[in-house]
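Inside the fold
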Amino acid sequence: MLLTLGIILVVLMVVVGGDRGVGSVLALVANMVIMFFAIKLISMGVNPYVIVLLASLLFLSVTLIYQNGTNMKSLAAVIAVIIVMVILTCFIAVVVNKTRIAGYSEVDRYEEITMYVSTNISVKMDQVMVCVVLLGLLGAIMDTSIAITTAVYEIHRNNPHFDSKQLLRSGRNVGKDIMGTTVNTLLLATVGETIMLNVLYLKFHYTFAKLLNSKSFFQEFCLIVFSNIGCLLIIPISNRVISYLLVSDLKVAVWLRHYLAKKEEEEG
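Conventions adopted
Throughout this description, residue numbers start from 1 for each chain and increase along the sequence as written. Under the rules for a predicted model, residues below a pLDDT of 70 receive no local features and side-chain atom pairs below 80 are neither given nor counted, while totals for whole chains, interfaces and linings still include all residues. The side-chain numbers reported here are obtained from all heavy atoms of the structure, hydrogens and water having been left aside. Helix numbering and strand numbering both begin at the N terminus, where a helix is a DSSP run of H or I of at least 4 residues and a strand a DSSP run of E of at least 2. Only protein chains enter the area calculation, which uses a 1.4 Å probe; residues under 20% of their type maximum are buried, those over 50% are exposed, and those in between are partly exposed. Whether two residues touch is decided by their heavy atoms; if any such pair falls within 4.5 Å, the residues are in contact. Every accessible area reported is derived by Shrake-Rupley at a probe size of 1.4 Å, with residue values counting cover from the shown protein chains alone. We call Phe, Tyr and Trp rings a pair once their centres come within 6.5 Å, taking the six-membered ring for Trp, and we label the pair stacked below 30 degrees between planes, edge-to-face above 60, and tilted otherwise. Grid points spaced at 1 Å over the protein atoms alone were grouped into cavities, where a 1.4 Å probe fits but cannot get out, and pockets, open sets with protein on both sides within 12 Å along at least five of seven lines, with lining residues defined by an atom within 4 Å of a point. Grid points are joined across faces, edges and corners, and a volume is the space filled by probe spheres set on the points. Here, nonpolar core means buried Ala, Val, Leu, Ile, Met, Phe, Trp, Tyr and Cys residues that are tied together by side-chain atoms lying within 4.5 Å of each other.

**Concerning the overall build of the protein**
Tallying secondary structure elements over the protein gives 10 helices and zero strands in all. Walking the protein from its N terminus toward its C terminus, one meets helices and strands in the order α-α-α-α-α-α-α-α-α-α. Within the protein, the proportion of its 268 residues that are buried is 38%. Restricting the contact set of the protein to residue pairs at least 6 apart, pairs at least 24 apart contribute 77%. With an accessible surface of roughly 16,100 Å², the protein has 67% of that area assigned to carbon and sulfur atoms.

Right, here's the structure in full:
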């Protein structure tokens, strides 16, 4: 059944997306391979922060650069995502350390893995928790970032006389439309993934006070909050980065525009 579902997914991606769909399939396979080796290295005791940093850069390269080409909108999206990831890493690390939400929750203790398998895996669970949150929100902020940078990039192509203030205003308007749907999409996705957990809360007769003190609930709540914070931060940062790169007179920005214009011409 797994093989059948996988084949259906690949066929639909190719049929709907054409050449771009084939590229998406290859990118998906590449990201799965990267994730496998990242988990393998973490299980071997390699510092999770280092692994997730390298894996995130590879994810960005495959998802944004490979799929969308080497151009200004992809570069701006990569820069914006890196900025947000750095900010959130510091914030998430503090929250995880202060609240001690890492490790197994009260629900996990009743699962087979904790009953029959040793939990002494020689991995710092607080670091793993930070990495779990970062990887969980990476996809969402990449999607939001490329949406913003692409919109502003197209606005600039059709209105090359726009200055930075006009581009920022246009990008801000696009971001406002994206923000509402993105926040609700993340909420619905998380709720959908945790339906069984919510059923357990009802079956175990969790009171409101017990729910607030539940480690499993707080872990899921943090994932929702951090993901939404990341998506809210990425909108203005992506908007400012792409607007700056498109119209700035700074030598680096001018050189990038000329270099990436040539790359786009070469790629067709």
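Okay, back to it.
**Some remarks on the side chain of Ser170**
With respect to the element layout, Ser170 can be found in helix H6 (residues 164–193). Setting aside residues up to four positions removed in sequence, Ser170 forms contacts with Ile155 and Phe162.

**Focus on the packing of aromatic side chains**
Overall, the coordinates contain two aromatic pairs when judged by the stated rule. Geometrically, the ring pair formed by Phe36 and Phe37 is edge-to-face, given 5.4 Å between the ring centres and 75 degrees between the ring planes. Phe36 sits in the exposed class, given a relative accessible area of 53%. Ring centres of Phe91 and Phe226 lie 5.6 Å apart, and the angle between their planes is 85 degrees; on these two criteria the pair is classed as edge-to-face. Taken together, the positions of Phe91 in helix H3 (residues 72–99) and Phe226 in helix H9 (residues 215–247) put the pair 135 residues apart, joining distant regions of the chain. For Phe91, a relative accessible area of 39% corresponds to the partly exposed category.

**Let's talk about the layout of surface pockets**
In this structure, the second largest pocket encloses a volume near 260 Å³. Lining the second largest pocket are Asn31, Met35, Phe59, Thr63, Leu64, Asn68, Leu135, Leu138, Gly139, Met142, Asp143 and Ile146. Counting residues per element, the ones that place at least two in the lining of the second largest pocket are helix H1 (2–43), helix H2 (48–68) and helix H5 (125–158).

**Some points on the side chain of His156**
Structurally, His156 can be placed in helix H5. On the accessibility criterion, His156 (15% relative accessible area) is buried.

**Describing the nonpolar core**
With 52 residues, the main nonpolar core has Met72, Val81, Ile92, Leu137 and Ile141 as its most contacted residues. Breaking this core down by element, the ones donating at least two residues are H1, H2, H3, H5, H6, H9 and helix H10 (251–267). Here this core gets 14 residues from one element, more than from any other, and that element is H5.

**Focus on the environment of Met13**
Residue placement: Met13 occurs in helix H1. In this structure the C-alpha to C-alpha distance between Met13 and Val25, which are 12 residues apart in sequence, comes to 7.0 Å. With sequence-adjacent residues up to four places away left out, Met13 is seen in contact with Gly18, Gly21, Ser24, Val25 and Leu28.

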